[in-house]
Amino acid sequence: MTAIVPDTLQGALIVSVIDFFLSFLIISGIGVVLSMFPLLNRVALLFKATAAGAQGGKHAAHDPSAPVAANNPPDEIAAIAAAVFAVMDGAPHRIINIQPSSSRSSWVAEGRIAQHGSHTTR
Amino acid sequence: MFLQALLDQTGAVNFSLGNLIMIIIGIIMIYLAISKHYEPLLLIGIGFSCIVANVPGPPDVPGGPAISALLYAVKDGGLFHYAYMGVEKLIIPPLIFLGVGAMTNFGPMIANPKLVILGAGAHLGIFVALILAKLMGFTLSEAGAIGLIGGADGPMAIFVAVKLAPHLLGPISVAAYSYMALMPMIQPPVMKLLTTKAERQISMAESRKVTKLEKIAFPIVIAIIVNLFFPPVAPLITMLMLGNLLKEVGVTDRLSKTAAGGLMNVIIIILTVAIGSTMAADKFLTVQTLEIVVLGLIAFLFGTGSGVVTAKIMNLFLKTKINPLIGSAGIASVPIAARVAHIVAYKENPKNLLIYHAMGPNLAGVFGTAISGGILLALLGVS
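A quick note: this is a predicted structure, and the numbers were derived from the prediction, not measured.

(A) Local environment of the overall build of chain A. Helix and strand content of chain A: four helices and zero strands. Counting every position in chain A, which comprises 122 residues, the buried fraction comes to 16%. Carbon and sulfur atoms make up 66% of the accessible area of chain A, which totals about 9000 Å².

(B) Focus on the interface of chain A and chain B. Counting from both sides, the interface comprises 33 residues of chain A and, opposite them, 41 residues of chain B. Taken together, the connections running from chain A to chain B amount to one salt bridge. Taken together, the connections running from chain A to chain B amount to six residue pairs in polar contact (both at pLDDT 80 or more). Contributing elements (two or more residues each) for the side of chain A that touches chain B: α1 (9–35) and α2 (37–62) of chain A. Looking at side-chain class alone, the side of chain A that touches chain B contains 22 nonpolar, nine polar and two charged residues.

(C) Fine view of a nonpolar patch on the surface. Where nonpolar side chains cluster on the molecular surface, the patch consists of F15(B), L17(B), L20(B), I21(B), I24(B), I28(B) and L285(B) and spans about 610 Å² of accessible area. Note that F15(B) resides in the loop between α1 (2–8) and α2 (17–35).

(D) Structural context of unusual backbone geometry. Residues and elements named next belong to chain B. Cis geometry marks the peptide bond from V334 to P335; its omega dihedral reads -10°. Along the chain, P335 turns up in the loop between α20 (287–317) and α21 (336–348). A positive phi angle, close to 60°, is found at L90, a residue other than glycine. Summarising the element assignment, L90 is placed in the loop between α5 (79–88) and α6 (92–103). Classification of L90 by relative accessible area gives buried; the value is 18%. For A332, which is not glycine, the phi torsion reads 85° and is therefore positive. Relative to the helices and strands, A332 resides in the loop between α20 and α21. Taking the relative accessible area as the measure of exposure, A332 reaches 0% and is therefore buried.

(E) Main features of the packing of α6(B) against helix α16 (residues 234–249) of chain B. All names here are of chain B. Packing of α6 against α16 leaves a shortest axis separation of 6 Å and a crossing angle of 30°. Considering how the two elements wind past one another, α6 and α16 form a crossing that is right-handed. Between α6, through P93, P94, L95, F97, L98, V100, G101, A102 and M103, and α16, the contact on the second element is made entirely by P235, L236, I237, M239, L240, L242, G243, N244 and K247.

(F) Quick look at the nonpolar core. Of all hydrophobic cores here, the largest spans 126 residues; its most connected members are M109(B), F218(B) and F367(B). Here this core takes 12 residues from helix α22 (residues 355–379) of chain B, the largest share from any one element.

(G) Summary view of the environment of A12(B). Residue and element names in this part refer to chain B. Here A12 shows up in the loop between α1 and α2. With relative accessibility at 52%, the residue A12 sits in the exposed group. Sequence separation between A12 and P56 is 44 residues; the distance between their C-alpha atoms is 7.0 Å.

(H) Representation of the pattern of salt bridges within the structure. Residue and element names in this part refer to chain B. Evaluated as defined, the whole model comprises six salt bridges over all chains. As a salt-bridge pair, E199 and K312 come within 3.3 Å of each other at their nearest N and O atoms. In this pair, E199 sits in helix α14 (residues 197–200) while K312 sits in helix α20, placing the two residues 113 residues apart along the sequence. The exposure class of E199 is buried, given its relative accessible area of 18%. For K312, a relative accessible area of 27% translates into the label partly exposed.

(I) Molecular detail of the side chain of S173(B). Residues and elements named next belong to chain B. Its place among the elements puts S173 in helix α12 (residues 169–181). On the basis of relative accessibility, which here comes to 3%, the residue S173 falls in the buried class. Reaching out from S173, the side chain makes a polar contact with the backbone oxygen of L169 at a distance of 2.7 Å. Among residues more than four places away in sequence, those in contact with S173 are I158 and I275.

(J) Region of the structure containing the confidence of the model for chain B. When pLDDT is averaged across chain B, the result is 89; 94% of the residues are at 70 or more. Mean pLDDT values for the elements of chain B range from 61 in helix α4 (residues 69–75) of chain B up to 96 in helix α9 (residues 124–135) of chain B.

(K) Quick look at the packing of α1(A) against α9(B). One can describe the packing of α1(A) onto α9(B) by two numbers: an axis separation of 9 Å at closest approach and a directional angle of 175°. Viewed along their axes, α1(A) and α9(B) adopt a mutual orientation that is roughly antiparallel. Across the interface between the two elements, L9(A), A12(A), L13(A), V15(A), S16(A), D19(A) and F20(A) from α1(A) touch L124(B), F127(B), L130(B), I131(B), K134(B) and L135(B) from α9(B). For the contact of α1(A) with α9(B), the per-class residue count stands at 10 nonpolar, one polar and two charged.

(L) Structural context of the packing of aromatic side chains. Overall, the coordinates contain seven aromatic pairs over all chains when judged by the stated rule. Relative to F127(B), the ring of F20(A) has its centre 5.6 Å away and its plane inclined at 65°; by these criteria the two rings are edge-to-face. Here F20(A) is found in helix α1, whereas its partner F127(B) is found in helix α9 on a different chain. Taken together, the ring pairs in this structure connect F20(A), F21(A), F24(A) and F127(B) into an aromatic cluster.

(M) Spotlight on helix α11 (residues 154–164) of chain B. Judged by how many residues are buried, α11(B) sits mostly within the fold: 10 of 11 residues are covered. The complete set of buried residues in α11(B) reads G154(B), P155(B), M156(B), A157(B), I158(B), F159(B), V160(B), A161(B), V162(B) and L164(B).

(N) Seen up close, helix α3 (residues 74–87) of chain A. Along its 14 residues, α3(A) runs 20 Å from first to last C-alpha, staying within 8% of the 20 Å computed at 1.5 Å per residue. Of the residues one or two after α3(A), D89(A) is the one with positive phi, at around 55°.

(O) Inspection of the side chain of H357(B) at higher detail. By the element assignment, H357(B) lies in helix α22. In contact with H357(B), other than residues within four places in its own chain, are L115(B), M204(B), A205(B), E206(B), S207(B) and I326(B).

(P) Broad picture of the confidence of the model for chain A. The share of residues in chain A with pLDDT of 70 or more is 71%, and the mean pLDDT across the chain is 78. The least confident element of chain A, judged by mean pLDDT, is helix α4 (residues 106–117) of chain A at 70; the most confident is α1(A) at 93.

How each quantity is defined
- Residues numbered from 1 in each chain as written.
- Chains lettered and ligands numbered in written order.
- Predicted model: local features only at pLDDT ≥ 70, side-chain atom pairs only at ≥ 80, totals over all residues.
- Heavy atoms only, no water.
- Helix = DSSP H or I, 4+ residues; strand = E, 2+ residues; numbered from the N terminus.
- Buried < 20%, exposed > 50% of the residue type's maximum accessible area, 1.4 Å probe, protein only.
- Areas by Shrake-Rupley, 256 points an atom, 1.4 Å probe, with all protein chains shown as cover.
- Contact = heavy atoms within 4.5 Å.
- Salt bridge = Lys/Arg side-chain N within 4 Å of Asp/Glu carboxyl O.
- Polar contact = N/O pair within 3.5 Å; in protein donor to acceptor, adjacent residues only side chain to side chain.
- Nonpolar A, V, L, I, M, F, W, Y, C, P; charged D, E, K, R; others polar.
- Patch = residues over 30% accessible without salt bridge, like charges linked within 9 Å, V, L, I, M, F, W, Y side chains within 5 Å.
- Axes fitted to C-alpha atoms, helices over the stretch in contact; angles between N-to-C directions.
- Left-handed = near helix turned anticlockwise from the far one by under 90°.
- Core = buried A, V, L, I, M, F, W, Y, C linked by side-chain atoms within 4.5 Å.
- pLDDT = per-residue confidence, 0-100.
- Parallel < 35°, antiparallel > 145°, perpendicular 65-115°, else oblique.
- Phe/Tyr/Trp six-rings, centres within 6.5 Å; stacked < 30°, edge-to-face > 60°.
- Expected span 1.5 Å × (residues − 1).

See the structure below:
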């Protein structure tokens, strides 16, 4: 490669002006690219929602007799939906099924987990 | 007679005033590192090597000039020789960038994209030094290499110096790293001169949270952009981005810890010894070196000032004002310049914690220097 500018004071001025303003322009371009990064999160959420939807569809196909609202009081459904929304931190989600826990000893199990967890070495 | 012969075997008779001056400079570097905590990782190694490089040994050849044991080792092979070769052959700068990438959280830069413009604004010093160097009689290539000291990015300064003016590598790298270490002394007066107390007290709102996905996408996107548009500086930025990707993916902890820890420490030791060993009085205490040192200081001062002024200009158009002190961090020198901006603001208002905000322009400054260096190499016909 050969030098584009002459090795003179004028050349130094030309190099400086071009370099300074091009740097501004290019770094602004990087700024524009970075400002579009939040879109990545939206696309990711969209993918997750689509995947969850597809999974939900499968569940529905497997167990059509277990709709969310069947045999559940509306106030319980509302409370559970609100809790799930809070846990999911507003991310798109879908509640497929609500039913009583089949495990009779779930409270006991929770207690044991909490007790054992408190002794975990940190 | 016997005593004289014995003395001739030592370097004592070759000790010069220049050696004494350089030893004092080395001691000052170590003092600043220990007592003021000015970049001890850099200054201890550079300062110590500077001292040793100025303790003359016997002449290399009978009747020839005295040469220190350290420089003898550099000249004649061995560890120090290869340490210097690592710098000269551009092996060490990309490895430093790998470690820097593995240590750096680019979140602040991703979170506030408008601040990246400060990474370009704070580089006026490069061009002021370049023009002044040309006026002082340096060639355009030499002037470009000297100007890039103002990018406050040691590996990039070395990289460009090797390509544009390899014979000036020693003084350029010494000036770049010394001034980076001395930024806590150089920057604050300029920052205070160009801002009012009210401006220095501006608080900035918390930035948005950056997701893991964004942090993983960032190094990939930047590596593509830089390799596409700036091939001359691609090796450095590519390694920076690889290091960062190793950190952010979360599945290569071993590699990122090695890059940011053990490997980085080894490279720092080699680099500082290699730089310090170039500081022998007969080579360093020359008019040309002094000119380069002065030009480097001018570049740092103008870079700091232009960053602050750019931030103030941005404030004319922004609804939510930014603290102009963070403009000075756009000069690069991660994370020293951001820390300086934070400390200056903290002294004005102890409730004002600017470090996160200053890291945005600080990181953008790395890219600003790389872009300036890349354009410079392209304009001067160096691939």
